[in-house]
Amino acid sequence: MAGINLLVTKDEFICSICLENLRDPVSIPCGHNFCMKCITECWDQMGVCRCPQCRETYAPRLVLCRNTLLAEVVERLAHSDVDLDVSQNVAGPDDVECDVCSEKKCTAVKSCLTCLASYCESHIQPHYMNAAWKNHRLLNPTANLPQKICTKHHKGLKFFCESDETCICTMCVVTGHKWHAMAELETVRQRKQAILKETVSTIQKRLDKKMKKLDEAKKSVDRIKISADQEVQKTKKCFSDLIHYIEKTQQKVVDHIGEQEKMETEKAKQLIKLLEKEVKELEKRKGELTEFSETEDNIHFLQNFPSQCVPLGEEDSLNITMTKDFSFENMRKKLYNLKGYLDKVSQWGVEQITPTVGEALACTIQSSGPETREEFLQYACQFTLDLDTAHPKICLSDGNRKMTLMKDPLSYPDHPSRFNCYQQVLCKESLRGPRCYYEVEWKGSAVLGVTKERISRKGWGADCRLGGNNMSWSLCCSASGFYARYNNMETLVSAPCDSRIGVFLDRTSSSLSFYSIRDKMTLLYKFQASFDEPLYMGFGLFHSPGFSVTICNLSPSA
């Protein structure tokens with residue numbers, strides 16, 4: 001027996017009635033084992049021969065005999081060092097332990113709220129078999145049984161006091177909570193369970209909404225990455241094209257200079273050859289004349305003098321003209337302008353480069369400006385009038401896109417940027433980018449201009465008037481015609497009167513142009529200047545109240 005490897009659990013040698021090791025074990029036909037004394041007393045109390053575990057009934061009453069083999073096994077195991085394999089039933093760190101097991105704690109299968117204890121599979125059996133324990137409240141194993149008893153009366157918590165929002169026992173009902181609203185735990189649990197369910201449903205809805213937004217945000221990240229990669233590729237291609245065009249132009253200029261160098265070098269060699277020949281002839285002629293002048297024979301000298309003084313023919317070398325140096329000054333000026341512009345672009349912030357760099361490069365590559373209105377609209381910009389600069393007699397409307405001359409001054413607050421004499425107003429937004437186009441409609445008599453930000457605002461001086469100084473340019477419009485004004489000098493413009501005017505600022509060609517818009521774009525006047533500083537649109541009204549200027553809302557399809 002000592003060499004037998006027992007793969008059994010400890011529960012197989014415990015009597016399910018006394019919960020102790022089997023003493024004088026007996027076996028009944030259903031296969032269950034008990035202590036002889038325990039099963040005999042159990043049958044005497046019940047008055048019927050029934051298995052306490054499986055409820056199998058036997059009639060007549062069985063004659064019990066000691067199971068000699070089982071008794072010997074239990075006895076030998078009690079005196080042997082053999083370790084029983086109880087690993088399948090021993091409670092782990094996260095399991096609830098049986099409160100009855102004395103040696104190795106087994107895993108509890110039930111907890112009793114009446115006993116306030118937890119039981120393993122073997123020790124829970126009396127709750128199923130004995131009538132006195134059948135009414136005990138069993139639940140799944142729980143480790144916090146002490147929390148389920150009243151700390152004051154040491155009884156099980158059976159009711160819920162809704163007045164104090166706490167669980168109470170039967171003694172609490174008749175003592176401190178006598179007149180309070182209370183209910184059974186199960187009833188309150190069901191009611192609060194419904195509230196909890198509704199809360200969980202609300203949270204689920206919010207969770208679904210957040211998950212949807214999260215999914216959209218993740219998709220946005222992917223779209224942003226794709227869009228950024230596309231823009232990087234487009235930008236690289238744009239700069240590569242620009243570099244390619246510059247290198248191509250550079251090569252053309254270098255080749256042209258090389259061809260001119262070769263041509264001029266050939267001309268120089270030809271000239272050198274002719275000059276060397278003419279020098280030899282002149283030296284020979286000089287020697288002959290020197291020798292002739294030294295003769296002592298007067299008669300010979302006088303007789304031959306006419307033939308010796310015949311002038312030489314015109315030199316062929318005089319027909320060859322050479323270029324002393326190669327000058328591409330005009331081209332270099334344009335390249336330096338481009339270089340200066342690119343230097344400014346490199347110093348811009350990202351927010352300035354983003355909307356304009358593509359346009360700037362496109363304008364740099366293009367050799368000619370827009371011609372049709374559709375081409376002009378590619379550079380359309382949106383502007384609003386700045387109330388802080390408006391003269392008191394100017395009323396702004398239509399989202400600060402229209403100005404109207406009033407008869408009486410308005411109650412505008414004092415502001416250092418406000419025109420106090422000339423009836424003028426500037427826009428909030430500056431003219432950004434290499435090219436900018438906008439259109440205005442005027443009524444009555446108006447001044448349409450572009451100015452630097454530092455134009456004066458106070459007084460009647462020419463430094464405050466649009467076109468009256470060297471920092472602003474303007475087109476004066478009236479029913480009698482147009483005239484351009486810069487630095488207080490006016491130029492009459494011969495063109496039909498048109499109430500809609502297009503203004504085009506092209507920094508790439510250093511020009512500011514005004515166009516009449518009818519069947520086609522007709523140039524009224526073009527200013528040539530360096531527009532390096534920030535520029536702002538400006539408008540003025542004069543003569544009668546009611547005259548107005550409106551900034552048109554443009555789009556590519558306008």
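What this report covers is the structure whose coordinates are included nearby. Computed from a predicted structure; not experimentally measured.

Conventions used here
- Residues numbered from 1 in each chain as written.
- Predicted model: local features only at pLDDT ≥ 70, side-chain atom pairs only at ≥ 80, totals over all residues.
- Heavy atoms only, no water.
- Pairing = 2+ DSSP bridges.
- Helix = DSSP H or I, 4+ residues; strand = E, 2+ residues; numbered from the N terminus.
- Axes fitted to C-alpha atoms, helices over the stretch in contact; angles between N-to-C directions.
- Phe/Tyr/Trp six-rings, centres within 6.5 Å; stacked < 30°, edge-to-face > 60°.
- Buried < 20%, exposed > 50% of the residue type's maximum accessible area, 1.4 Å probe, protein only.
- Expected span 1.5 Å × (residues − 1).
- Patch = residues over 30% accessible without salt bridge, like charges linked within 9 Å, V, L, I, M, F, W, Y side chains within 5 Å.
- Areas by Shrake-Rupley, 256 points an atom, 1.4 Å probe, with all protein chains shown as cover.
- Salt bridge = Lys/Arg side-chain N within 4 Å of Asp/Glu carboxyl O.
- Arc of directions from axis to C-beta.
- Contact = heavy atoms within 4.5 Å.
- Polar contact = N/O pair within 3.5 Å; in protein donor to acceptor, adjacent residues only side chain to side chain.

**Quick look at the pairing of strand β15 (residues 481-486)**
Note that strand β14 (residues 472-478) and β15 share six bridges and pair antiparallel. The residue of β15 that forms the bridge with Cys476 is Tyr483. The loop that links β14 with its antiparallel partner β15 comprises two residues. With five bridges joining them, β15 and strand β16 (residues 489-493) adopt antiparallel strand pairing. Looking at β16, one finds that Arg485 is bridged to Glu490. Connecting β15 to the next strand, β16, in antiparallel fashion are two residues, including Asn487 with a positive phi near 55°.

**Quick look at the sheet that holds strand β6 (residues 159-161)**
Reading across the sheet, the three strands line up as β7-β6-β8 and stay open at both edges, with antiparallel pairing between neighbours. A single partner strand is all that each edge strand has here, and the edge strands are β7 (166-168) and β8 (182-184). Within this sheet the neighbouring strands show an average axis-to-axis angle of 35°, counted without direction. Looking at chain direction, β6 and β7 are connected through three bridges and run antiparallel. Across the sheet, residue Cys161 finds its bridge partner in β7, namely Thr166.

**A short note on the packing of aromatic side chains**
Applying the stated criterion across every chain yields a total of twelve aromatic pairs. Ring geometry for Phe383 and Tyr438: centres 5.7 Å apart, planes at 75°, overall edge-to-face. Linking Phe383 in the loop between α9 (373-377) and β9 (394-397) with Tyr438 in strand β12 (residues 435-443), this pair joins segments that are 55 residues apart in sequence. In this structure Phe383 comes out as buried when scored by relative accessible area, which is 2%.

**Regarding helix α5 (residues 185-293)**
Compared with an ideal rise of 1.5 Å per residue, which puts 109 residues at 162 Å, α5 spans 153 Å between its outermost C-alpha atoms and is within 8% of the ideal. All buried positions along α5 are accounted for by Val188, Leu242, Val253, Glu264, Ala268, Leu271, Glu278, Arg285 and Phe292.

**Digging into a nonpolar patch on the surface**
Residues Leu207, Met211 and Leu214 make up a contiguous nonpolar surface patch of about 260 Å² in total accessible area. Structurally, Leu207 can be placed in helix α5. For Leu207, a relative accessible area of 41% corresponds to the partly exposed category.

**Side note on helix α1 (residues 36-46)**
Taken together, the buried positions of α1 are Cys38, Ile39, Cys42 and Trp43. End-on view of α1: buried residues confined to an arc of 125°, all on one side of the axis. Summarising the geometry of α1, the exposed residues directed more than 90 degrees from the buried face are Lys37 and Gln45. Looking at the buried residues of α1, the elements they touch are β1 (25-27) and β2 (33-35). Two residues or fewer after α1 comes Gly47, characterised by a positive phi angle close to 75°.

**Remarks on the pairing of β9**
Of the two faces of β9, only one is covered, namely that formed by Ile394 and Leu396; the face formed by Cys395 and Ser397 stays uncovered. Sheet topology places β9 next to strand β10 (residues 402-405); four bridges connect them, and they run antiparallel. For Cys395, the partnering residue across the bridge sits in β10 and is Thr404. Between β9 and β10, which pair antiparallel in sequence order, lie four residues; one of them, Asp398, sits at a positive phi of approximately 55°.

**Description of the side chain of Ser474**
Take Ser474: it is sitting in strand β14. In terms of polar contacts, Ser474 uses its side chain to reach the backbone carbonyl oxygen of Leu466, at 3.3 Å. With residues near it in sequence (within four places) discarded, Ser474 still touches Val447, Leu448, Gly449, Leu466, Gly467, Tyr483, Ala484, Arg485, Phe514 and Phe527.

The values are spatial; any link to function lies outside them.
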